[in-house]
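Listed here are the chains, written in short residue letters.
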Amino acid sequence: RDYYASRGLGDVYKRQLDYWVPSGQGYIDVSTLQMIVTVPQVLLMQRAQNEVDPALWDGGVNALILGYNANYYQSKQDDNAYRSFYNGDNIGLNLWGFMFRHRGSLNWQNNSGTHYQSMRNYMEHGIGALRSRIIIGDTDTSGHLFDSFSLRGVLLYSDDNMLPDSRRGYAPMIRGVAETNARISVRQNNVLRYETTVSPGPFSIDDLYPTGYGGDLTVTIRESDGRESQFMVPYAAVPQLVRPGLTTYSLTAGTLRNMNLSKQDAVAQLTLQRGINNLLTGYGGVLTTRDYHAFLLGGAIGSSWGALALDVTQAQTDTQDRHLSGQSYRATYSKGFNASSSTMSLSAWRFSSPGYLGLNDAMSAIDYARHPSPGSYNSAF
């Protein structure tokens, strides 16, 4: 008391635990000389089911990997003989967590000789602190928001495989308030999916295992005095939904790898998804080359009437003699029905206005404008 008074802090020493910790409780049991402290579950540091600290992850053993697929063919008719040999190889080298990969093919024919073609070369490494992976070399984008394309360059992306099993994919966060030390049970289609105990006060559960397209959750709170209460949490999933508080991203830069183009232009792409709460996930992206630019903005909603994702992509294409601009609208919907154990889903519905081109069509149009072929027809226009 004298310590606090000498520093002008008045009655700070009298303040109870709930002043410092909202809904916290604490008292001293004189008979046992114990201090009993109760803190709401939502304020405690929690680990997801099966979570392992990244510091304990193993980068794998050093190894040389060799895979191949070989085929020899021979035929003879009269005095003409034909022989050919094919070998597809997949070579890998793992060193201290770095994975080097090479894919190629060897073709030999008795009348044309030997030809070797390198198909893909890249290095991959996991970044535990970012829960991400980086690929340098030949790779492909996921095609999750924009259309997929091949490139040679750098790809940095968040990897769901670095999350605990219970936090991969989408599942809603469950929030509630317990009045006493309570048991929380979560059921889906009358199947018990999760159960835990919590202390009095607010609680949150964010490590439910995902179940495909979902199905509404029934949450039961059983208090220590026998009282029970229930509430429903809507659960429907579309690919664009992300768990509340989770951010996923992808950053790509390099040159296109399209054998149908005479010139491989530089390309860059950024995509971002953020789970704001159970109701809303926001996402967007930018895709750009020298003569093609696309911007995507969208949102996904999870509610009692289903999960719906809507987004719009604005794209513009500049060729030597034309300027094209247009929009593409996409909708995705899913709804699970507990009573009939059925699911209705609309995987994707897209409407594109005149002047809109995806990356592959746009690059074909640009390449045709640079090097027109007599008598050819460019379908991109």
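Everything below is about the structure printed above this text.
The structure reproduced in this document is the subject of the present report. (Residues numbered from 1 in each chain as written. Predicted model: local features only at pLDDT ≥ 70, side-chain atom pairs only at ≥ 80, totals over all residues. Heavy atoms only, no water.)

1. Digging into the overall build of the protein chain
- Looking only at helices and strands, the protein chain features 3 helices and 21 strands.
- Against the globule reference of 21 Å for 381 residues, the protein chain gives a C-alpha radius of gyration of 29 Å, more extended than a compact globule.
- Taken across its 381 residues, the protein chain has 36% of its residues classed as buried.
- At a minimum sequence separation of 6, the contacts of the protein chain that also span at least 24 residues come to 50%.
- Carbon and sulfur atoms make up 54% of the accessible area of the protein chain, which totals about 22,300 Å². (Helix = DSSP H or I, 4+ residues; strand = E, 2+ residues; numbered from the N terminus. Rg over C-alpha atoms; globule rule 2.2 N^0.38 Å. Buried < 20%, exposed > 50% of the residue type's maximum accessible area, 1.4 Å probe, protein only. Contact = heavy atoms within 4.5 Å. Areas by Shrake-Rupley, 256 points an atom, 1.4 Å probe, with all protein chains shown as cover.)

2. Description of the layout of surface pockets
- Estimated volume of the largest pocket: approximately 650 Å³.
- Secondary-structure elements contributing two or more residues to the lining of the largest pocket are strand E8 (150-158), strand E15 (247-256) and strand E16 (266-275).
- The biggest single contributor to the lining of the largest pocket is E16, with 4 residues.
- When its residues are assigned to classes, the lining of the largest pocket shows 14 nonpolar, 12 polar and 6 charged. (1 Å grid on protein atoms, 1.4 Å probe; cavity = no way out; pocket = protein on both sides within 12 Å on 5 of 7 lines; lining within 4 Å. Points joined across faces, edges and corners; volume = space filled by probe spheres on them. Nonpolar A, V, L, I, M, F, W, Y, C, P; charged D, E, K, R; others polar.)

3. A short note on the pattern of salt bridges
- What the rule picks out here adds up to 12 salt bridges.
- In this structure, Arg290 engages Asp291 in a salt bridge whose closest nitrogen and oxygen atoms are separated by 3.4 Å.
- On the basis of relative accessibility, which here comes to 54%, the residue Arg290 falls in the exposed class.
- A salt bridge links Asp311 to Arg330; the nearest nitrogen and oxygen atoms lie 3.1 Å apart. One end of the pair, Asp311, is in strand E19 (residues 306-318); the other, Arg330, is in strand E20 (residues 323-337), and 19 residues separate them in sequence. For the residue pair Asp311 and Arg330, the accessibility class agrees, reading buried in each case. (Salt bridge = Lys/Arg side-chain N within 4 Å of Asp/Glu carboxyl O.)

4. Notes on empty space enclosed by the protein
- Tallying each qualifying case throughout the model produces 1 cavity of 30 Å³ or more.
- Looking at the largest cavity, its volume works out to about 90 Å³.
- Looking at the lining of the largest cavity element by element, the count peaks at 3 residues for strand E18 (residues 292-303).

5. Re the pairing of strand E13 (residues 217-222)
- Pairing analysis gives 6 bridges linking strand E10 (residues 182-188) to E13, with the strands arranged antiparallel. Within E13, the residue paired with Gln188 across the bridge is Leu217.
- Direction of pairing for E13 relative to strand E14 (residues 228-233): antiparallel, over a ladder of 6 bridges. Among the inter-strand pairings, Leu217 is bridged to a residue of E14, identified as Val233.
- Connecting the antiparallel pair E13 and E14 is a turn made up of 5 residues, with Gly226 showing a positive phi of about 100°. (Pairing = 2+ DSSP bridges.)

6. Notes on the sheet that holds strand E11 (residues 191-198)
- The strand order across the open sheet formed by 4 strands is E11-E10-E13-E14, and the pairing between neighbours is antiparallel. A strand with exactly one partner marks an edge of an open sheet, and here the two such strands are E11 and E14. The average undirected angle you get between the axes of adjacent strands in this sheet is 20°.
- Summarising the sheet, E10 and E11 pair through 7 bridges and their orientation is antiparallel. Considered in E11, the bridge of Ser185 is made with Glu195. (Axes fitted to C-alpha atoms, helices over the stretch in contact; angles between N-to-C directions.)

7. As for a nonpolar patch on the surface
- Taken together, the side chains of Leu64, Leu66, Tyr68, Ile91, Leu93, Trp96, Phe98 and Phe100 make up a nonpolar region of the molecular surface, amounting to roughly 910 Å² of accessible area.
- Secondary structure elements with two or more residues in the nonpolar patch: strand E3 (63-77), strand E4 (80-95) and strand E5 (98-109).
- Of all the elements, E3 adds the most residues to the nonpolar patch, at 3 residues.
- Relative to the helices and strands, Leu64 resides in strand E3.
- Taking the relative accessible area as the measure of exposure, Leu64 reaches 68% and is therefore exposed. (Patch = residues over 30% accessible without salt bridge, like charges linked within 9 Å, V, L, I, M, F, W, Y side chains within 5 Å.)

8. Thoughts on the side chain of Ser328
- One can find Ser328 in strand E20.
- Classification of Ser328 by relative accessible area gives buried; the value is 0%.
- A distance of 2.6 Å separates a polar atom in the side chain of Ser328 from a polar atom in the side chain of Arg350.
- Ignoring sequence-local partners within four residues, the contact set of Ser328 consists of Asp311, Val312, Thr313, Arg350, Phe351, Ser352 and Tyr356. (Polar contact = N/O pair within 3.5 Å; in protein donor to acceptor, adjacent residues only side chain to side chain.)

9. Section: the environment of Tyr356
- Position of Tyr356 relative to the elements: it lies in the loop between strand E21 (342-352) and helix H3 (359-370).
- On the basis of relative accessibility, which here comes to 18%, the residue Tyr356 falls in the buried class.
- Each C-alpha atom of the pair Tyr356 and Ser148 lies 17 Å from the other, and the pair is 208 residues apart in sequence.

10. Describing the packing of aromatic side chains
- For the structure shown, the criterion picks out 3 aromatic pairs.
- When the ring of Tyr170 is compared with that of Tyr235, the centres are 6.2 Å apart and the planes differ by 65°; the resulting orientation is edge-to-face. With Tyr170 in the loop between E8 and strand E9 (174-178) and Tyr235 in the loop between E14 and E15, the pair connects residues that are 65 residues apart, well separated along the chain. One exposure class covers both Tyr170 and Tyr235, and it is buried. (Phe/Tyr/Trp six-rings, centres within 6.5 Å; stacked < 30°, edge-to-face > 60°.)

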